[in-house]
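Close look at the chain arrangement
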Amino acid sequence: MLVPRLKIIQVLAVDPVMTADGSNPLISVQPNALKFVFELEKPSFCDLKVVNNTEHYVAFKVKTTSPKKYFVRPNTGVVQPWDSSVIRVTLQAPREYPPDMQCKDKFLLQSTIVPPNTDVDDLPADTFNKESTKEIQECKLKVFYVTPSSLGNSEDEGFKSYSDQAPDSNSAVQQLKDERDAAVRQTLQLQQELDFLKRRRHRRNDTGFSLKFALIVGLIGIMVGLLLNFSFSSSLSSPAAVPTVETTTSPVEPSTTEGIETPL
């Protein structure tokens, strides 16, 4: 309990603003005006810090005279006791310069006490109805446009250009984008390495097939050559076949005249 009490003293000491009836406001807003860096075709934004100065749950609602020009998030919310909330008001990309860079737009921040543990989705439709018996406080905020060249001389830090400023949320978003880009680059690199390995494997398969085919053809050629060489060598080393005719001489038997008379 000591920490909330110290925080109460700090808030009351820093922002002792009084309402019209002399009571302390339910909430305090920093800064007390909306300032945007005005550039054609470029959006810019301003962050408002809403501080609950009470021990009650306080609901707020943001209204503007030019709802089509601005984007407010959140435009309705509930702030817990002694807590704070940040409202981001974005000026959408303008298409032309206003006369003399003067802006007549205004914002109205309404606040009222709601039951404990109330969620923003539980707020009744008539929460900010002035005709009800509940107390509704209002805080009016003016809008100012400044040029980018005057940023360096400005002492207000409650506004920055959409592209130049780097709050915590923008830093987190940028970090997520960097991590996403790194993941995409890593995925592409892995895909390239995978394609390279596939091509290399395909080349290896083709080379293996060619080598096997060449070896088989070479072996067949060697075997054919050896067979031809062996056949040729055999034909040279063996003498030519000469046909031989066997002649048999039978002994002439002497003629016998015995018993045979030769005629005279």
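Before any of the text, the structure's been laid out above.
These remarks concern the structure in this document. Because the structure is predicted, anything quoted here is derived from the model rather than measured. (Residues numbered from 1 in each chain as written. Predicted model: local features only at pLDDT ≥ 70, side-chain atom pairs only at ≥ 80, totals over all residues. Heavy atoms only, no water.)

**With respect to the overall build of the protein**
The secondary structure content of the protein amounts to two helices and 10 strands. Counting from the amino terminus, helix and strand elements in the protein follow one another as α-β-β-β-β-β-β-β-β-β-β-α. Taken over 264 residues, the protein has a buried fraction of 24%. Considering only contacts within the protein whose residues lie at least 6 apart along the sequence, 71% involve residues at least 24 apart. In the structure as shown, the protein presents an accessible area of about 20200 Å², 57% of it carried by carbon and sulfur atoms. (Helix = DSSP H or I, 4+ residues; strand = E, 2+ residues; numbered from the N terminus. Buried < 20%, exposed > 50% of the residue type's maximum accessible area, 1.4 Å probe, protein only. Contact = heavy atoms within 4.5 Å. Areas by Shrake-Rupley, 256 points an atom, 1.4 Å probe, with all protein chains shown as cover.)

**Remarks on the sheet that holds strand β4 (residues 57-64)**
Pairing between sheet strands relies on hydrogen bonds along the backbone, with the strands arranged either parallel or antiparallel. Here we have five strands laid out as an open sheet, ordered β2-β9-β8-β4-β6, and mixed in their pairing. Among the strands making up the open sheet, the edge pair consists of β2 (34-37) and β6 (76-79). Strand-to-strand twist in this sheet, taken as the mean axis angle between neighbours without regard to direction, amounts to 25°. Two strands pair when backbone bridges link them, and β4 and β6 are joined in this way by four bridges, in the antiparallel orientation. Of the residues in β6, the one forming a bridge with phenylalanine 60 is glycine 77. (Pairing = 2+ DSSP bridges. Axes fitted to C-alpha atoms, helices over the stretch in contact; angles between N-to-C directions.)

**Points about the packing of aromatic side chains**
For the coordinates displayed, the defined rule picks out four aromatic pairs. Between phenylalanine 36 and tyrosine 70, the aromatic rings sit 5.7 Å apart at their centres with planes inclined by 40°, giving tilted as the arrangement. Of this pair, phenylalanine 36 sits in strand β2 while tyrosine 70 is found in strand β5 (residues 70-73), placing the two residues 34 residues apart along the sequence. Summarising the burial analysis for this pair, phenylalanine 36 and tyrosine 70 share the class buried. Between phenylalanine 38 and tyrosine 145 the ring centres are 4.9 Å apart and the planes differ by 40°, which places this aromatic pair in the tilted class. Of this pair, phenylalanine 38 sits in the loop between β2 and β3 (44-52) while tyrosine 145 sits in strand β9 (residues 137-146), and the two are 107 residues apart along the sequence. The rings of Phe36, Tyr70 and Phe107 are connected pair by pair, giving a single aromatic cluster. The lysine or arginine in question, lysine 35, covers the ring of phenylalanine 144, its NZ or CZ lying 5.9 Å from the ring centre. One cation-aromatic arrangement involves arginine 88 over phenylalanine 45; the distance from NZ or CZ to the ring centre is 3.8 Å. (Phe/Tyr/Trp six-rings, centres within 6.5 Å; stacked < 30°, edge-to-face > 60°. Lys NZ or Arg CZ within 6 Å of the ring centre and 35° of its normal.)

**Quick look at the pattern of salt bridges**
For the coordinates displayed, the defined rule picks out four salt bridges. For lysine 42, the salt bridge identified is with glutamate 39, shortest N-O distance 3.8 Å. (Salt bridge = Lys/Arg side-chain N within 4 Å of Asp/Glu carboxyl O.)

**Examining unusual backbone geometry**
Between glutamine 30 and proline 31 the backbone carries a cis peptide bond, its omega angle lying at -5°. Turning to its location among the elements, proline 31 is positioned in the loop between β1 (27-30) and β2. Positive phi values are uncommon outside glycine, yet glutamate 41 reaches one of about 60°. The topology assignment puts glutamate 41 in the loop between β2 and β3.

**Some details on the nonpolar core**
Within the largest apolar cluster, 24 residues are counted, with the highest numbers of intra-cluster contacts made by Phe36, Tyr70, Ile87, Val89 and Phe107. For this core, the secondary-structure elements that each account for two or more residues are β1, β2, β3, β4, β5, β7 (84-91), β8 (106-114) and β9. In this structure phenylalanine 107 touches Leu34, Val62, Lys63, Thr64, Tyr70, Val72, Val89, Cys139, Lys140, Leu141 and Val143, once residues within four positions along its chain are discounted. Membership of the second largest hydrophobic core comes to five residues, among which are Tyr57, Ala59, Val114 and Leu123. (Core = buried A, V, L, I, M, F, W, Y, C linked by side-chain atoms within 4.5 Å.)

**Considerations on the environment of phenylalanine 36**
Overall, phenylalanine 36 belongs to the buried group, its relative accessible area being 0%. Here the alpha-carbon distance between phenylalanine 36 and phenylalanine 144, two residues 108 residues apart in the chain, equals 6.4 Å.

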